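A closer look at the structure
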Amino acid sequence: MLKHYWNTAIRNLIRHKLFTFINVIGLSLGIAIFLSLTGYVNYQFSFDKFYKDGDRIYRINYFEDQHGQPVLQSARTHDRTALLVHEYAPQVEAVTRLYNEKAYIYTEDTRIVDQDMLFVDSSFFQVFPVKIISGSSERSLIPPHSVMISQSQAKVYFGNADPLGKTLYFNERLPVTITGVFEDIPANTSINFDFLISWSTQTSYGWVPKDELSMHPGHSRTSNCEKI
């Protein structure tokens, strides 16, 4: 009986070729679109999930009101906020500041523009547990003019040679010394970086004053936390 049904179906499909073609193409397109959308949605929901305890990482947002009216909302906030977090939220375990920049990073032999670079506190790896290949997660980002570099970029700039202790230059030929190498982060991240430069580098150049916080009459500023 099953063989009879099968043969009948085959004969009908052959007899109505146009109908068969339209249905097969429609079914194929439907399956392809479904699989594509499923893959895209799964990829979008996978962002930052590779961080251990990622559900405990929060970003401090910035809101500004002027005369009672909201005038600004941003994912960026004052760097001094990090110094006050423990005072107002003592349950917070670790805080790190990030400042992202597309930088021109080069050596005498290799020059690449638009590199993903972050200025970060030495506590960065306490918040973002990236795997360290060489160097120290606790000490490598303490000294001014120090930088940690991703494994792939270390190979781009220095090949198979050990990059520790070597010098890179960024932007206006400002030197930084490589103090560590970390494993490349996956592509499904909301914070891209291949270079981590110590936050103290900014202070040493005078770019970030130690007490950088200004309040203007008629303005109020608040902060709010949300997951990355």
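No experiment lies behind these values; they were computed from the predicted model shown. (Residues numbered from 1 in each chain as written. Predicted model: local features only at pLDDT ≥ 70, side-chain atom pairs only at ≥ 80, totals over all residues. Heavy atoms only, no water.)

**Structural notes on the pairing of strand β4 (residues 111-120)**
We apply this condition: Two strands are counted as paired when DSSP detects at least two bridges linking them. Secondary structure elements are defined from DSSP: runs of H or I of at least 4 residues count as helices, runs of E of at least 2 residues count as strands, and each element is numbered from the N terminus.
As defined by bridge partners, strand β3 (residues 98-106) adjoins β4 across eight bridges and the pair is classed as antiparallel. Looking at β4, one finds that Y99 is bridged to F119. Where β3 folds back onto β4 in an antiparallel hairpin, the turn is made up of four residues. Bridging between β4 and strand β9 (residues 195-198) involves four bridges; their strand directions are parallel. Looking across to β9, one finds that V120 is bridged to S198.

**Some words on the nonpolar core**
In plain terms, the rule: Here the nonpolar core consists of buried residues drawn from Ala, Val, Leu, Ile, Met, Phe, Trp, Tyr and Cys, with membership extended through side-chain atoms lying within 4.5 Å. A simple rule labels every residue: compare its accessible area, found with a 1.4 Å probe on the protein chains alone, to the largest value its type can have, and call it buried under 20%, exposed over 50%, or partly exposed in between.
Membership of the largest hydrophobic core comes to 19 residues, with the highest contact counts inside it found for I105, M117, I149, L168, F170 and F195. If you list the elements that add at least two residues to this core, you get β3, β4, β6 (146-150), α5 (151-158), β7 (167-170), β8 (174-182) and β9. Sort the elements by how many residues they give to this core and β8 lands first, with four residues.

**Thoughts on the packing of aromatic side chains**
Applicable threshold: Whether two aromatic rings pair depends on their centres lying within 6.5 Å, for rings of Phe, Tyr and Trp, where Trp uses its six-membered ring; planes under 30 degrees apart make the pair stacked, over 60 edge-to-face, and the rest tilted. Two conditions define a charge located above a ring, namely a distance within 6 Å from the ring centre to NZ of Lys or CZ of Arg, and an angle within 35 degrees of the ring normal.
According to the stated counting rule, one finds 16 aromatic pairs in the structure shown. Seen in terms of ring centroids, F119 and W207 are 6.2 Å apart; in terms of plane orientation they differ by 80°. Their pairing is edge-to-face. Taken together, the residues span a long stretch of sequence, with F119 in strand β4 and W207 in the loop between α6 (199-204) and β10 (219-227) at a distance of 88 residues. Judged by its relative accessible area of 1%, F119 is buried. Each residue in the set F50, Y51, F124, F125, F128, F182 and F193 is aromatic and connected to the rest through ring pairs, giving one cluster. Note that R173 overlies the ring of Y169, its terminal NZ or CZ placed 4.3 Å from the centroid.

**A look at the pairing of β3**
Pairing of β3 with β7 involves two bridges; the strand directions are antiparallel. Within β7, the position partnered with Y106 by the bridge is Y169.

**Structural notes on a nonpolar patch on the surface**
Quick reminder of the rule: Patch definition: residues with relative accessible area over 30% and no salt bridge; like charges joined within 9 Å; nonpolar side chains (Val, Leu, Ile, Met, Phe, Trp, Tyr) joined within 5 Å. Accessible surface is estimated by sampling points in the Shrake-Rupley manner with a 1.4 Å probe; for residues, cover comes only from the protein chains shown. Salt bridges are defined by distance alone: a side-chain nitrogen of Lys or Arg within 4 Å of a carboxyl oxygen of Asp or Glu.
Among the surface-exposed residues, L18, F21, I22, I25, L29, I33 and L37 lie close enough to one another that they form a single nonpolar patch of about 730 Å² accessible area. Looking at the secondary structure, you find F21 in helix α2 (residues 17-45).

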